[in-house]
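Survey of secondary and tertiary structure
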Amino acid sequence: MASSLEALRRWVDETAALTRPAQVHWCDGSDAEYRGLVEAMLTSGDLLELNQATHPGCYLHRSHPSDVARVEHLTFVCTRDEVAAGPNNHWMAPATAHAKMDALFDGCMQGRTMYVIPYCMGPIDSPLARCGVEITDSPYVVANMRAMTRMGAAAQARIEREGRFVRGLHSTGELDPERRFIMHFPEELTIKSYGSGYGGNALLGKKCHALRIASWQARDEGWLAEHMLIVGIQNPQGKTHYIAAAFPSACGKTNLAMLIPPEGYRRDGWKVWTIGDDICWMRPGSDGRLYAINPEAGFFGVAPGTSQDSNPNALATIAHDTIFTNVALTADNQPWWEGLPGTPAIDWQGRSYDAANGPAAHPNARFTVSAKQCPTWSPKAEDAQGVPISAIVFGGRRPSLLPLVMEANDWTHGVLMGAAMGSETTAAATGAVGVLRRDSMAMKPFCGYHYGDYFSHWLSFDGNGAQLPKIFHVNWFRKDAQGRFLWPGYGENLRVLEWMIDRIEGRAVGRESPVGTVPADGELRTDGLDLPAGTLDMLLDIDRAGWQAELAAIGDYLQSFGARLPPRLRAEQQRVAQALEDTPARTRHAIAS
Ligand code: GTP
Ligand code: SPV
Ligand code: MN
């Protein structure tokens, strides 16, 4: 059904004139529409049916082997002023970028259907939610957008009421990496993506809209669009604290958002509620607290490593009505990846499995599923006003130095902790894996403007009447000399969250160090945990010499943002560096390593 909104109708007509599809389909989001899309994709081979006895409603999609992850080197922010995009983005002049993209789009949908997808990011009646329309020639994208967003008639009605929407144009193109670009025009609320059918490159509501474009809008309008999970932790007394956590791609957001409490905690009555696993939009409420919504409606989660041990909740979520991308198959046509029991028969490329070809599932293989299927999905996730945030957590893959958990002294120190974040790269983006890089607030690939301005924006929340959350930094990924993880992670991470809540509620005193406050002896519960003697000390150790080098590196990194670096952040880095100089060599008993 075409739209009553002239601007939308006109844009769709212009796009059809450029791309010349055989037909145009306006998506209504209905079950019948979804069934029709699935039937067509089963016929075309875009989808393969999985074992319907074990996995009802589940399908497999194999993307092109050169198109398996986000492509940061082909992702651009196209602002009038180059400086506005910052050194953290690739930039192209808007006119050049439009010309380049429109040449690629010229006639690219001939013989195909052009789908018009109206979607809403956030609860459909929420004042914090924002709408967009994605035009695509990929039925796989439509099926994914249906799980990931509120897509269809209701979103279209809201767009027609508001008259404002983000325009996203996508074509799978020839999947030629030389003809692949993801362009953002934040000043025009426009996205153009060509040549990839994968994840964040193609599902434009997610990274392109809800992070890159939204972060730009959030800066102008006084809110935050962040790469964060949102989880509710309910204690045995029935009080729930909501925590937002920014970890880089494939660094544990989905796992923490769906955490199942350790046995003893379950017995005591602890409960965990999932609100979101990837993106968080938050803004100050009238009481000065930050209120958050998850703009998404589903999960596009990493499959490998998801198991009964690590994330039983995710396994339950994806037991039916799920689209799997680039996973392997068992002999009886069940989805399979590294971490699951059983053996693979067919690898992610459809070849007979041979260990010599590498992992059976692609390391960035994913599942797409509606969040409603998650057993711990919170009713509050549909709350139009969002949930109040008690703590913001930063973290990354740091094999050494960074303690299991530390708390910032105040907001400014917390912003420094977020800005200083580092992590080893993962398979979520093409390129080398396991390379340590700075990834401020886990937004390096997603901040739609200059990081210096972004840090200023974060600092600006510390104003009159603000009741800001406490800020923490965690590291689940510290390793021993043999390269094994020191901390068991996953469900056991609740122990760390409990300490944070104890700090928020004033029950824990902590042990101060120049770089942050860590749990004092006995404050982090380890009952029921098989932790070798000395391990917790190692996990909470603050190595002065190592931190001196880290602070110097953080200083250099901050300087790279030049004149746009807020002086307050530079001063904070200098304050912490000086505090380190002023402390004795060890803040805790020396650890032999
Ligand atoms: P994106 O969807 O890419 O933004 O990633 P994410 O942050 O949601 O990552 P996810 O939770 O899917 O984690 C991906 C990887 O981290 C998997 O290989 C997990 O097994 C591993 N992982 C998650 N939590 C933990 C943890 O507590 N400890 C350890 N050692 N590994 C973890
Ligand atoms: C990420 O890479 O952070 C993801 C997956 O969440 S994608 O949507 O492909 O960007
Ligand atoms: Mn992500």
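Residues numbered from 1 in each chain as written. Chains lettered and ligands numbered in written order. Predicted model: local features only at pLDDT ≥ 70, side-chain atom pairs only at ≥ 80, totals over all residues. Heavy atoms only, no water.

What follows deals with the site of ligand 2. Lining the immediate surroundings of ligand 2 are Arg70, Gly199, Gly200, Lys206, Lys207, His227, Ser249, Asp278, Phe300, Arg366, Ala428 and Phe446. Within the side chain of arginine 70, a nitrogen or oxygen atom sits 2.8 Å from an oxygen atom of ligand 2. Within the contact set of ligand 2, an oxygen atom lies 3.3 Å away from a side-chain nitrogen or oxygen of histidine 227. Within the complex, the protein chains bury 99% of what would otherwise be the 280 Å² of accessible surface of ligand 2. Using a 2 Å cut-off from the grid points, one finds that ligand 2 occupies the largest pocket. (Near = heavy atom within 4 Å. Polar contact = N/O pair within 3.5 Å; in protein donor to acceptor, adjacent residues only side chain to side chain. Areas by Shrake-Rupley, 256 points an atom, 1.4 Å probe, with all protein chains shown as cover. 1 Å grid on protein atoms, 1.4 Å probe; cavity = no way out; pocket = protein on both sides within 12 Å on 5 of 7 lines; lining within 4 Å. Sits in = over half its atoms within 2 Å of the grid points.)

The five strands are arranged E2-E3-E19-E22-E18 in an open sheet whose pairing can be described as mixed. The two strands at the open ends of the sheet, each matched to only one other strand, are strand E2 (48-49) and strand E18 (298-302). For E2 and strand E3 (residues 59-61), the ladder comprises two bridges, and the chain directions are antiparallel. Note that in E3 the partner of glutamate 49 across the bridge is tyrosine 59. (Pairing = 2+ DSSP bridges. Helix = DSSP H or I, 4+ residues; strand = E, 2+ residues; numbered from the N terminus.)

Quick look at the coordination of the manganese ion (ligand 3) now. Within the protein, the manganese ion (ligand 3) binds to Lys207 (NZ), His227 (NE2) and Asp278 (OD); these donor distances fall in the range 2.1 to 2.2 Å. In this structure, the manganese ion (ligand 3) is surrounded by six donor atoms whose angles at the metal cover 74 to 175 degrees, and the resulting shape is octahedral. Mapped onto the sequence, the residues coordinating the manganese ion (ligand 3) show the spacing K-x19-H-x50-D. Taken as a pair, lysine 207 in helix H8 (residues 205-221) and aspartate 278 in the loop between strand E15 (271-276) and strand E16 (280-284) lie far apart in primary sequence, 71 residues in all. By relative accessible area, which is 5% here, lysine 207 ends up buried. (Donors = N, O, S within 2.8 Å, 3.2 Å for Na, K, Ca; no water. Tetrahedral: all angles 85-135°; square planar, octahedral: opposite > 155°, others 65-115°. Buried < 20%, exposed > 50% of the residue type's maximum accessible area, 1.4 Å probe, protein only.)

An ideal rise of 1.5 Å per residue puts 24 Å on 17 residues; H8 reaches only 19 Å between its terminal C-alpha atoms. Along its length, H8 shows its largest kink, about 45 degrees, at alanine 214. Where burial is concerned, most of H8 is hidden: 14 out of the 17 residues are buried. At the exit of H8 stands glycine 222, carrying a positive phi of roughly 85 degrees. (Expected span 1.5 Å × (residues − 1). Bend = angle between axes of the 7 residues up to and from the residue.)

Here we take up the packing of helix H12 (residues 411-419) against helix H13 (residues 451-459). Relative orientation of the contacting elements H12 and H13 amounts to 150 degrees, with a least axis distance of 10 Å. Here H12 lies roughly antiparallel to H13, going by the angle between them. In this structure, the crossing between H12 and H13 has a hand that is right-handed. Facing Trp411, Thr412, Val415 and Ala419 of H12, the residues of H13 in contact are Phe455, Trp458 and Leu459. Each residue belonging to the contact of H12 with H13 can be placed in one class, and the counts come to six nonpolar, one polar and no charged. (Axes fitted to C-alpha atoms, helices over the stretch in contact; angles between N-to-C directions. Parallel < 35°, antiparallel > 145°, perpendicular 65-115°, else oblique. Left-handed = near helix turned anticlockwise from the far one by under 90°. Contact = heavy atoms within 4.5 Å. Nonpolar A, V, L, I, M, F, W, Y, C, P; charged D, E, K, R; others polar.)

Once that is clear, we can look at empty space enclosed by the protein. Taken as a whole, this structure holds one cavity of 30 Å³ or more when the rule is applied. Lining the largest cavity we find 16 residues, and of these Met406, Met417, Ala420, Trp547 and Ile554 sit closest to its centre. Broken down by secondary-structure element, the contributors of at least two residues to the lining of the largest cavity are H12 and helix H16 (544-559). A per-element tally of the lining of the largest cavity places H16 first, with four residues. (Points joined across faces, edges and corners; volume = space filled by probe spheres on them.)

A few words now on the packing of aromatic side chains. On inspection of all chains with the given rule, the structure shows 21 aromatic pairs. The interplanar angle of 70 degrees and the centroid separation of 6.5 Å between the aromatic rings of tyrosine 454 and tryptophan 458 together place this pair among those described as edge-to-face. With tyrosine 454 and tryptophan 458 both in helix H13 and four residues apart, the pair spans about one turn of that helix. Comparing tyrosine 454 with tryptophan 458, the two get one shared label, buried. Grouped by ring-pair contacts, the aromatic residues Phe394, Trp411, Tyr449, Tyr451, Tyr454, Phe455, Trp458, Tyr557 and Phe561 constitute a single cluster. The lysine or arginine in question, arginine 219, covers the ring of tryptophan 216, its NZ or CZ lying 4.5 Å from the ring centre. Geometry around tyrosine 449 places arginine 219 over its ring, the cationic atom sitting 4.3 Å from the centre. (Phe/Tyr/Trp six-rings, centres within 6.5 Å; stacked < 30°, edge-to-face > 60°. Lys NZ or Arg CZ within 6 Å of the ring centre and 35° of its normal.)

Across the chain, the average pLDDT comes to 97, with 98% of residues at or above 70. A low-confidence stretch, residues 587-593 (pLDDT under 50), is modelled with ten contacts involving residues beyond four sequence positions or located in other chains. (pLDDT = per-residue confidence, 0-100.)

As a further point, take the site of ligand 1. Around ligand 1, a shell composed of 20 residues is seen, among which Ala250, Lys253, Thr254, Arg366 and Tyr490 lie nearest. Contact distances for ligand 1 include 3.0 Å between an oxygen atom and a side-chain N or O atom of asparagine 493. Judged by the proximity of its atoms to the pocket grid, ligand 1 belongs to the largest pocket. At three residues, the largest contribution of residues to the shell around ligand 1 is made by helix H9 (residues 253-257). Split by residue class, the shell around ligand 1 holds nine nonpolar, seven polar and four charged.

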